[in-house]
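Structural overview for review
Chain by chain, the residues run as shown.
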Amino acid sequence: MTLAIITAKRSDLSRILESLCETTILSVSEFTATENEFDAYAFLGGTEKDPVILPIDARLKAEAIQKSGKPVFFEYYKSLGDLFTSAPIDTVSGRMVYVGNDRADITHGDLLDDRANSLSHPYFFAGYDVTPILVYGGHIVKHSHTGEIPNEAPLAIWKYDSNTLVCGLRLCNFISARFAPFGRWKAIVSLIAEHLTGTPCDLSFEPSTTLRGAQPNVSFSAKINSTFDAGMSWFDRANLYLDDGKSGVLEGLSHQIFPDGTQQIAPEIRNDCSGEVAGACFFDWLLHQNEHSLARFRNLYEFCFEKMQVKEGHHTGMMRWSTWEFAICYQDDVARVILGALLAMQLTNDRTYLPAVESALDYLVSTTGCDGLRISRTDNFNYSDAASLHALSQTPGAFPCAHHNAYYLATLLLAYQLNGNRLYLDTACKGFESMMAAYPDTIREHSQTQELCRLVFPLAVRYETTNDPAHLADLERVINDLECFRHPKGGFAEYDTGYKAARSRTAGDEASLLADNGDPVCDLLYSLNWLPLGFSYAYKATKNKKYASLWKEISTFLSEVQFLSPDPSVHGSWCRGIDLELREPFGMPHDIGWGPCCIESGWTVAEILMGFGLGIHLGLTK
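The sections below set out a description of the structure shown in this document. What you are looking at is a predicted structure, and each value in this text was computed from that prediction instead of being measured.

**As for the sheet that holds strand 23 (residues 599-600)**
- In space, the three strands of this open sheet follow the order 17-16-23, with antiparallel pairing throughout. Across the chains shown, the open sheet's two edge strands, defined by having one partner strand only, are strand 17 (263-269) and strand 23.
- Bridge count for strand 16 (residues 250-257) against strand 23 is two bridges, and the pairing is antiparallel. If you follow Gly-252 over to strand 23, its bridge partner there is Glu-600.

Right, here's the structure in full:
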């Protein structure tokens with residue numbers, strides 16, 4: 001069996017095919033010139049950005065081979081026979097649907113994700129009878145499988161005739177580009193290999209980027225410490241510090257993984273991410289006496305407080321959201337800017353940042369409703385004078401949403417512990433009373449699981465501050481409710497009773513990863529990322545060993561789903577969406593900015609590291 005692979009560059013697919021039979025790699029010009037004949041031909045165009053158009057002599061030769069009946073595979077070609085293709089479709093927010101016959105590891109209706117790919121799909125004319133194998137279904141609100149195949153869906157892989165298989169995707173570097181689920185794409189590649197070789201193929205290739213896994217022979221302490229260290233090193237490997245933190249940090253990596261395997265940098269410079277990474281740096285210094293991390297902690301807070309905080313006028317104290325959206329203030333994001341500074345002040349005698357923290361909180365309190373809750377955000381252009389801003393405090397915020405308000409209320413209490421300001425205590429207590437009066441029907445952003453996870457740390461701080469048994473009961477109730485969503489393979493699955501979340505099943509906007517309750521998907525951007533700090537702080541506040549056990553369980557899970565990758569910009573990080581049964585990044589990619597593959601420097605990585613750091617500091621790894 002001899003195979004010719006016509007391609008501009010070697011790729012994941014070409015290397016797999018090379019392992020199966022006697023193979024010759026040819027450029028298009030070499031293919032045109034050669035007099036050698038082969039048993040099968042694979043034309044791989046997916047290494048190129050634009051669909052390939054063969055020069056006329058190469059095209060005539062390729063079509064003569066095709067008509068001879070030899071097995072032929074075309075990938076990402078612009079024209080074939082009498083057919084030609086459209087301009088490529090960006091598939092980043094849509095799903096592929098398998099519509100071929102059931103095979104090992106893949107069945108009719110299974111969903112696949114090709115990340116940020118390009119689909120060059122054909123125009124068909126009357127008289128052509130093709131066999132679809134994979135189609136582009138677009139916006140499908142299902143996690144892993146669908147029983148409804150979109151009508152006239154663009155073809156992604158199809159049989160053109162009995163000996164010609166065509167792929168409109170840039171498939172050839174599917175391993176590097178982290179197509180998912182891996183097993184289903186492996187089945188697709190097996191189908192291609194069998195088409196070319198004429199025999200079943202036992203393919204043994206593995207993904208290049210994986211998750212850390214269980215490490216059964218490594219002690220818990222060593223596992224958690226190595227996970228922490230790998231996470232801290234990621235900020236450097238991904239080149240996220242700007243001027244060593246003096247100009248903040250980059251947001252992280254976007255969901256878009258391009259067909260060559262590169263992942264798009266999220267270029268935003270956000271105040272919350274910068275403060276959260278500062279908090280991670282503090283714990284790296286606290287645990288390891290890493291002076292460079294301490295310097296970065298100071299550099300980052302110089303950026304947050306000296307460059308991103310309003311110093312005069314009726315918005316004095318306001319923390320700006322980002323260097324782009326400069327006049328927006330989300331109280332939850334402000335809370336996470338200052339959280340690292342508050343924890344550092346709590347665990348040391350250094351009060352350097354207390355005046356700046358107080359200024360930020362004073363601004364938030366002055367714009368908080370009379371029920372202790374703040375509206376989701378304020379935009380400066382809506383509040384042009386002090387009177388309009390003051391009016392916010394005269395009416396209820398009426399927004400009992402843990403996602404937006406719980407961490408803000410917690411930071412008020414942490415600051416109260418430092419300065420004894422009764423206004424902070426009274427505002428926070430009133431806000432928590434309003435929120436827990438609405439519980440469990442708080443206003444959900446992405447899911448019910450998210451709301452529960454976002455309440456654990458704030459309620460632990462609340463109990464630590466008040467020592468009120470009723471407040472401990474609230475904490476225990478929330479954690480008990482969260483246990484309902486624990487997955488048998490680790491972590492907590494997304495769930496949303498009644499699908500009430502604002503981002504549930506949305507299109508063209510931010511979106512939940514959850515399609516249907518019971519889906520084995522977890523969220524490390526909006527849910528589980530908060531739990532290491534929440535459970536470790538609950539132990540700190542109560543000294544109850546059950547919270548230490550919960551911290552160990554979630555830390556073990558997060559260690560197991562940390563990335564191991566040859567790509568330094570990915571290794572040691574965590575992405576948003578993990579399928580708990582497959583144990584790989586996989587979930588609905590419909591969120592316009594933060595799909596399942598996004599890696600957030602602040603919200604995800606730094607928050608997990610702060611939670612690991614506090615737990616290690618409290619001796620929970622012993």
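**Things to note about the packing of aromatic side chains**
- Taken as a whole, this structure holds 29 aromatic pairs when the rule is applied.
- Their ring planes at 85 degrees and their centres at 5.2 Å tell us that Phe-31 and Phe-43 sit as a pair that is edge-to-face. With Phe-31 in helix 2 (residues 28-33) and Phe-43 in strand 3 (residues 40-44), the pair connects residues that are 12 residues apart, well separated along the chain.
- With 5.8 Å between their ring centres and 45 degrees between their planes, Phe-282 and Phe-297 make a pair best called tilted. One end of the pair, Phe-282, is in helix 6 (residues 271-288); the other, Phe-297, is in helix 7 (residues 291-307), with 15 residues separating them in the sequence.
- Given a relative accessible area of 6%, Phe-297 falls into the buried group.
- Aromatic rings pair up to connect Phe-282, Phe-283, Trp-285, Phe-297, Tyr-301, Phe-305 and Tyr-353 into one cluster.
- Over the ring of Phe-205 we find Lys-186, and its NZ or CZ is 5.3 Å from the ring centre.
- Arg-320 extends its terminal NZ or CZ atom over the ring of Phe-326, reaching a point 3.9 Å from the ring centre.

**Description of helix 14 (residues 469-483)**
- Here helix 14 is 15 residues long and its end C-alpha atoms lie 21 Å apart, about the 21 Å a rise of 1.5 Å per residue gives.
- If you check which residues of helix 14 are buried, you get His-471, Leu-472, Asp-474, Leu-475, Val-478, Ile-479 and Leu-482. What you see down the axis of helix 14 is that its buried residues fit within an arc of 155 degrees, all on one side.
- Among the structural elements, helix 12 (422-438), helix 13 (448-466), helix 15 (531-542) and helix 16 (545-560) are those in contact with the buried residues of helix 14.
- Put simply, Asp-468 is the residue that caps the front of helix 14, since its side-chain oxygen is 2.9 Å from the backbone nitrogen of Ala-470.

**Here we look at the side chain of Arg-95**
- Checked against the element boundaries, Arg-95 lands in strand 8 (residues 95-98).
- Residue classification places Arg-95 among the buried positions, given a relative accessible area of 0%.
- Side chain to side chain, Arg-95 and Asp-113 meet in a polar contact 2.7 Å long.
- In terms of polar contacts, Arg-95 uses its side chain to reach the backbone carbonyl oxygen of His-143, at 3.0 Å.

**Regarding the environment of Val-97**
- Here Val-97 lies in strand 8.
- Classification of Val-97 as buried rests on a relative accessible area of 0%.
- For Val-97 and Leu-111, which are 14 residues apart along the polypeptide, the C-alpha to C-alpha distance reads 4.8 Å.
- Contacts of Val-97, omitting those with residues within four sequence positions, involve Gly-109, Asp-110, Leu-111, Ile-133, Leu-134, Val-135, Gly-137, Ile-140, Thr-146 and Ile-149.

**Focus on the sheet that holds strand 13 (residues 155-161)**
- Taken in spatial order, the nine strands make up an open sheet running 2-1-3-4-14-13-12-8-9, and their pairing is mixed. Of all the strands in the sheet, the pair left with one neighbour each is strand 2 (22-26) and strand 9 (111-112).
- Pairing analysis gives four bridges linking strand 13 to strand 14 (residues 164-167), with the strands arranged antiparallel. Across the sheet, residue Ile-157 finds its bridge partner in strand 14, namely Cys-167.
- Sitting on the sheet, helix 3 (residues 56-67) is in contact with strand 3, strand 4 (72-75), strand 13 and strand 14, with an inclination near 135 degrees to strand 4.

**Focus on the pairing of strand 4**
- Burial along strand 4 is two-sided: the face carrying Val-72 and Phe-74 and the face carrying Phe-73 and Glu-75 are both buried.
- Relative to strand 4, strand 3 runs parallel, the two sharing four bridges. Counterpart to Leu-44 in the pairing with strand 4 is Glu-75.
- Taken together, strand 3, helix 3 and strand 4 constitute a β-α-β crossover, and its handedness is right-handed.
- When strand 4 meets strand 14, the two strands line up parallel, connected through four bridges.

**Examining the pairing of strand 17**
- In this structure, strand 16 lies alongside strand 17, joined through four bridges in antiparallel fashion. Bridged to Gly-252 within strand 17 is Ala-266.
- Here strand 16 hands over to strand 17 after five residues, with Gly-261 in that stretch at a positive phi of 95 degrees.

**With respect to the side chain of Asp-333**
- If you trace the backbone, Asp-333 turns up in helix 8 (residues 331-347).
- Exposure remark for Asp-333: the relative accessible area of 7% places this residue in the buried category.
- Excluding its chain neighbours within four sequence positions, the residues that come into contact with Asp-333 are Arg-270, Asp-272, Trp-321 and Trp-603.

**Here we look at the environment of Leu-364**
- Note that Leu-364 resides in helix 9 (residues 354-366).
- Between the alpha carbons of Leu-364 and His-315 there is a distance of 9.9 Å; along the sequence they are 49 residues apart.
- For Leu-364, the contacting residues outside a window of four places in its chain are Cys-329, Gln-331, Val-334, Arg-374 and Tyr-408.

Rules of the game
- Residues numbered from 1 in each chain as written.
- Predicted model: local features only at pLDDT ≥ 70, side-chain atom pairs only at ≥ 80, totals over all residues.
- Heavy atoms only, no water.
- Pairing = 2+ DSSP bridges.
- Helix = DSSP H or I, 4+ residues; strand = E, 2+ residues; numbered from the N terminus.
- Phe/Tyr/Trp six-rings, centres within 6.5 Å; stacked < 30°, edge-to-face > 60°.
- Buried < 20%, exposed > 50% of the residue type's maximum accessible area, 1.4 Å probe, protein only.
- Lys NZ or Arg CZ within 6 Å of the ring centre and 35° of its normal.
- Expected span 1.5 Å × (residues − 1).
- Arc of directions from axis to C-beta.
- Contact = heavy atoms within 4.5 Å.
- Polar contact = N/O pair within 3.5 Å; in protein donor to acceptor, adjacent residues only side chain to side chain.
- Axes fitted to C-alpha atoms, helices over the stretch in contact; angles between N-to-C directions.
- Right-handed = clockwise from strand over helix to strand, strands pointing away.

All quantities given are derived from atomic positions and should not be read as evidence of function.
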